[in-house]
Amino acid sequence: MAGIFLYILLLLVSTAKGNVLDEVNAKTDEYKEKIHVVDSLDLLIYLLLLTVAIITTWVFKKHRLKFIHESGVSVILGLVVGAILRFTGSTNSITVLDVAPKPSFSAGNGSYIFSPPDILRMNISGQVFIYSMSGPQADVEASQEITEIQEKATFDAEIFFYMILPPIIFNAGYSMRKKHFFSNIGSILTFALLGTVISTFAVAGLMWMVVQLISTKMRFLDTLYFGAIISATDPVTTLAIFTDLHVDPTLTGLVLGESLLNDAVAIVLCGAVEDYSRFFIQGDPDSFEVVAFFQTILNFFTIFFGSVGLGSLLGAITALITKFTHVRDYTILETSMFFLLSYSSYLFAEVCSMSGIVSVLFCGITQAHYTFHNLSAESKLRTRQLFELLNFLMENFIFSYIGVSMFTFSRHKFEFIFILGAVLAIGVARALNIYPLSLLLNLGRSKPIPCKYQHMMWFSGLRGALAFALAIKNTVSEARQIILTTTSLIAIVTVIFCGGLTPPLLGLLKIPIGVVDPGSDETQIEAGREEEEGEGHERRTQGQGELVGGEGGCSDSSIESQSFSQEVPKSSLARHWKSLDKTLLKPLLTNSQPTLQETMAWLGPVARWLTTTDQMAGTYITRGNLPGGNESYREQTDVSNPQYQTSNPTHPPILPP
């Protein structure tokens, strides 16, 4: 009798457990389905937002409304959508369970854990559920509920660094006009390296005085980190504005070149500040530690130049593969390999504890300078369009997200004194960067940088995607939350107002616009061709219908504007680089002529082994320094020449970036 009673009791217990497990499974399925719907709605909102932004931009362009740029349109629409989600979102709130570790909680060795665990295992009704750390949660009032759509509308910061930023940065390097970049390489490096460091420390010093006026405690390292973040200017927005207006190419080259390398330096500076914090984590946080400082400086240069080397190496490997194989016969494979190896440059750098952003930037520059000219005509066109499309969508997405997150992100902290001080600090720091360095550079430049160009360079320091991505990466402390909020607001203000005021300021400063860049529409297949001076800049390219380097495309008839558009002074560094590129790198990495057998004949069999059949046969357009000189080169590269059109029917002139 007792056995029967015990059997019935066990049966009831097992049935109860089964019912609980069924309930848990049903709840889990319901949760997964709900999350799937919310994720779909979240992505749909952003897709519709981008669609509306594109249509709005088209309307503005059609009616020639230049008071706001497309990035500004995305930000404004994002703010509107964010406000709607914040105040009229779904009433379904997220289930929240507050959990606190016991005082005896330890890591297994008897020591108490002060930092949050990577994974939290919870036993609920006999089932173990695993929760991963997503970051700290800002204080939320008891009456304030967080809805699914508000929480899901904010993405993990890693998405920005692995999915959104790499295409933007790569395209900035891949589509860069190399002529004015390398011709002004000395000035660009000065502004990007020395200027960014000056701006970072200037902002840090001024903001250190500002933080004494607020209640939130901030260390000097926090203000230094903010200085590095906010010194990262946005090259893509500036590029779009200057390209649309055809601003003088020398000014465009200086601004865009400085912006590109400035972003790379700012990223490494942020990492250097974090390294210093790890090296000197004990003691007075505002004191100075000599050993940690010099170790940080060493890490800075190691990471920066190591990242440059990794990105350039991946680009060179891609160039060699496309040169010595016939993968170009299968264009979809060629394009796919190009895309994968380009993206791999980011991941390789991250795996090696370098900077993926710096690596992918220089990979893009290398791919444009070498690999591009080994690709088939279809892949040349396809890769340019692919990365332009990705850049456009990702750039507008991140600006839309900045607007949305101002209302949906739960870790914003507003300190109006800090925000106002930051706006003033970045203006002062930008001035300390541009004007003194321009004065020093003009002492050695054959064509000095005019004052009006310096004013425009100061004004062109827009903040955007990269600064926001760096700020949102870590929002653990109140100081970092203030930095995120301030950075977001500065990005919004500069993109909307500074971007919109760029055209009238160009007119006020009488800076030439409508200038046709001689290097923008070169009718050539082989990249890196030396631009001919004098009469070569005055001829008209019949096939393109544009004046190459003449006065007809310039709306300003001043002597100054003509001199800037007709020739680009080359610095000593640029001349040495061009000599190395012409003698070794271009013959080695591309199928263009002259070959290594001509430029480095002393290599003998090695030079022959490194020269492909296509290169020897002259399948790719030869350079002007071969027999026949410049006139011979013009005959081969002029698309209006019937002989060129008939002798190259399968290789239409695809313009290099």
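Residues numbered from 1 in each chain as written. Predicted model: local features only at pLDDT ≥ 70, side-chain atom pairs only at ≥ 80, totals over all residues. Heavy atoms only, no water.

### Section: the overall build of the protein
- Broken down by element type, the protein carries 24 helices and 4 strands.
- The 657 residues of the protein split such that 49% are buried.
- Pairs at least 24 apart in sequence give 78% of the contacts found in the protein among residues at least 6 apart.
- Counting only carbon and sulfur atoms, one obtains 65% of the accessible surface of the protein, whose full area is about 31800 Å². (Helix = DSSP H or I, 4+ residues; strand = E, 2+ residues; numbered from the N terminus. Buried < 20%, exposed > 50% of the residue type's maximum accessible area, 1.4 Å probe, protein only. Contact = heavy atoms within 4.5 Å. Areas by Shrake-Rupley, 256 points an atom, 1.4 Å probe, with all protein chains shown as cover.)

### A look at the packing of helix α16 (residues 465-472) against helix α17 (residues 478-508)
- Following both chains from N to C, one finds α16 and α17 inclined at 165 degrees, their axes separated by 9 Å at the closest point. The orientation of α16 relative to α17 falls into the category roughly antiparallel. The interaxial crossing formed by α16 with α17 has left-handed handedness. When α16 is examined against α17, the residues A467, F468, A471 and I472 are found in contact with a partner set consisting of I483, L484, T487 and S488.
- Class assignment of the residues belonging to the contact of α16 with α17 gives a composition of 6 nonpolar, 2 polar and no charged. (Axes fitted to C-alpha atoms, helices over the stretch in contact; angles between N-to-C directions. Parallel < 35°, antiparallel > 145°, perpendicular 65-115°, else oblique. Left-handed = near helix turned anticlockwise from the far one by under 90°. Nonpolar A, V, L, I, M, F, W, Y, C, P; charged D, E, K, R; others polar.)

### Looking at the nonpolar core
- In terms of nonpolar packing, the biggest core is built from 127 residues, with F160, F226, L251 and M456 touching the most fellow members.
- Sorting elements by how many residues they give to this core places helix α9 (residues 249-279) first, with 15 residues.
- Among all residues touching L251, those that are not within four sequence positions of it are F242, Y453, M456, M457 and I511.
- Among the nonpolar cores identified, the runner-up in size contains 5 residues, and A316, A319, L585 and L589 belong to it. (Core = buried A, V, L, I, M, F, W, Y, C linked by side-chain atoms within 4.5 Å.)

### Some remarks on the pattern of salt bridges
- Per the counting criterion, the structure on display carries 2 salt bridges.
- Residue D222 is joined to R219 by a salt bridge in which the shortest nitrogen-to-oxygen separation is 3.7 Å.
- Note that E258 and R430 form a salt bridge whose closest N and O atoms lie 3.1 Å from each other. Of this pair, E258 sits in helix α9 while R430 sits in helix α14 (residues 416-442), and the two are 172 residues apart along the sequence. (Salt bridge = Lys/Arg side-chain N within 4 Å of Asp/Glu carboxyl O.)

### What about unusual backbone geometry?
- The omega torsion across Q593 and P594 is 5 degrees, close enough to zero to call that bond cis.
- Here P594 lies in the loop between α19 (572-589) and α20 (596-599).
- Look at S353: it is not a glycine, yet its phi comes out positive at around 60 degrees.
- Assignment of secondary structure puts S353 in the loop between α11 (331-351) and α12 (356-369).
- With phi around 55 degrees, K510 is a residue other than glycine that occupies positive phi space.
- Relative to the assigned elements, K510 resides in the loop between α17 and β3 (540-541).
- We classify K510 as exposed; its relative accessible area is 59%.

### Let's talk about the environment of I402
- Residue placement: I402 occurs in helix α13 (residues 377-408).
- Taking the C-alpha atoms as reference points, I402 and F468, 66 residues apart in sequence, are found 7.7 Å from one another.
- Those residues in contact with I402 that sit more than four places away from it in its chain are F468, S488, A491 and I492.

### Observations regarding the confidence of the model for the protein
- When pLDDT is averaged along the protein, the result is 75; 72% of the residues meet or exceed 70.
- This model gives residues 140-145 a pLDDT under 50, and the stretch forms 5 contacts once residues within four places in sequence are excluded.
- Residue range residues 621-657 is modelled with pLDDT below 50. Its contacts to residues more than four positions away, or to other chains, number 84 contacts. (pLDDT = per-residue confidence, 0-100.)

### With respect to the side chain of S345
- Relative to the assigned elements, S345 resides in helix α11.
- What makes S345 buried here is its relative accessible area of 0%.
- Every residue in contact with S345, bar those within four places of it in the chain, is listed here: G311, L314, S359, V360 and C363.

### Some points on the packing of helix α2 (residues 70-88) against α17
- Between α2 and α17, the least distance of the axes is 8 Å, while the angle of their chain directions is 130 degrees. Between α2 and α17, the interaxial angle falls into the category oblique. In the packing of α2 onto α17, the handedness of the crossing is left-handed. Of α17, the residues touching α2 (which contributes S71, G72, V75, I76 and L79) are I492, V495 and I496.
- Split by residue class, the contact of α2 with α17 holds 6 nonpolar, 2 polar and no charged.

### Quick notes on a nonpolar patch on the surface
- The grouping of V290, F293, F294, I297, F301 and F305 at the surface amounts to a nonpolar patch, some 570 Å² of accessible area in total.
- Among the structural elements, F305 can be located in helix α10 (residues 290-324). (Patch = residues over 30% accessible without salt bridge, like charges linked within 9 Å, V, L, I, M, F, W, Y side chains within 5 Å.)

### A look at the side chain of S376
- Tracing the backbone shows S376 in the loop between α12 and α13.
- Contacts of S376, omitting those with residues within four sequence positions, involve R328, T331 and E334.

### Topic: the environment of K178
- Turning to its location among the elements, K178 is positioned in helix α5 (residues 178-183).
- Overall, the relative accessible area of 10% leaves K178 in the buried class.
- Sequence separation between K178 and G253 is 75 residues; the distance between their C-alpha atoms is 8.6 Å.

### Focus on the packing of aromatic side chains
- In the structure shown here, the tally under the stated rule is 23 aromatic pairs.
- Residues Y174 and F387 carry aromatic rings whose centres are separated by 6.0 Å and whose planes lie at 65 degrees to one another, so their mutual orientation is edge-to-face. In this pair, Y174 is assigned in helix α4 (residues 157-174) and F387 in helix α13, connecting sequence segments 213 residues apart. Exposure class is identical for Y174 and F387. Each is buried.
- Consider the rings of F397 and Y401, whose centres lie 6.3 Å apart with planes at 20 degrees: the pair is stacked. In this pair, F397 and Y401 both sit in helix α13, 4 residues apart, roughly one turn of the helix.
- Chaining the aromatic ring pairs together yields one cluster made of F170, Y174, F338, F339, F372 and F387.
- The ring of F161 has K473 lying over it, and the distance from NZ or CZ to the ring centre is 5.3 Å.
- The side chain of R480 reaches across the aromatic face of Y225, ending 4.0 Å from its centre. (Phe/Tyr/Trp six-rings, centres within 6.5 Å; stacked < 30°, edge-to-face > 60°. Lys NZ or Arg CZ within 6 Å of the ring centre and 35° of its normal.)

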